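One letter stands for each residue in the lines below.
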Amino acid sequence: MAVEPIYKFEFPFRTYPLLTEMDKYQDKFKAYSDIRYNESDENWLILKNENFKILTEECRKFLEQIELEGTPRYYILKANSILRPHIDYKTKCSINHLLSADCASVTYTDYGDFKYTTALLNTNEEHSVDNTNHEDRRIFKISFFNHSYEEVKEKIIAYQTRTKV
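It should be emphasised that the depicted structure is a prediction, and the values quoted were computed from it without experimental measurement. (Residues numbered from 1 in each chain as written. Predicted model: local features only at pLDDT ≥ 70, side-chain atom pairs only at ≥ 80, totals over all residues. Heavy atoms only, no water.)

Concerning the sheet that holds strand β5 (residues 82-86)
- Taken together, the four strands give an open sheet; going across it, the order is β5-β10-β7-β8, and neighbouring strands pair in antiparallel fashion. For this open sheet the edge positions go to β5 and β8 (112-114), each flanked by a neighbour on one side alone. Averaged over all adjacent pairs, the angle separating strand axes in this sheet is 30 degrees, with direction ignored.
- Strand direction decides the pairing type here: strand β7 (residues 106-108) and β8, joined by three bridges, are antiparallel. Directly across from V106, in β8, lies its bridge partner F114. (Pairing = 2+ DSSP bridges. Helix = DSSP H or I, 4+ residues; strand = E, 2+ residues; numbered from the N terminus. Axes fitted to C-alpha atoms, helices over the stretch in contact; angles between N-to-C directions.)

Thoughts on the state of the cysteines
- Following the criterion strictly, the structure yields zero disulfides and no others.
- Of all cysteine sulfurs, the one in C93 lies closest to C59, which takes part in no disulfide; the gap is 13 Å.
- You can call C93 buried: its relative accessible area is 0%. (Disulfide = S-S within 2.5 Å. Buried < 20%, exposed > 50% of the residue type's maximum accessible area, 1.4 Å probe, protein only.)

Things to note about the environment of F114
- Assignment of secondary structure puts F114 in strand β8.
- Classification of F114 by relative accessible area gives buried; the value is 9%.
- For the pair F114 and P5, spaced 109 residues apart in sequence, the C-alpha to C-alpha distance is 9.5 Å.
- Aside from chain neighbours lying at most four places away, what touches F114 is E4, P5, I6, S105, V106 and Y108. (Contact = heavy atoms within 4.5 Å.)

Structure representation (structure tokens):
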């Protein structure tokens, strides 16, 4: 049986402060641009800046627990839009924590649809999001450029084992 490309888990990310900070910098978002296709997507917006206090703090809190390096970002997929099938550029995997209540599933081309609130995603597998009939899909994301999906998943499982009550 194939390994699923998503690992759902719980972590005490502070959703409301993340969402509040994201909203505060709404005018700073830029259309995501992928050099492989020489185009940008006005419906898929990114905000990355090391100086965002809550973004940085929540990322640091998580990364200290799993003892790996990652990079935090905010993303918005606009309401009633589609993020076409793709494999992330340079990102091996990511933690996605959804900040919106009404979110579409992520669809993996070879595996189907997955609903989650917080999950590790294998971004080296082709995936997409059909956000038609949904509000803006707001995401706190930690990208891993130097760690594989399997490596990060093992670290998350070790964290869960250590902190089990």
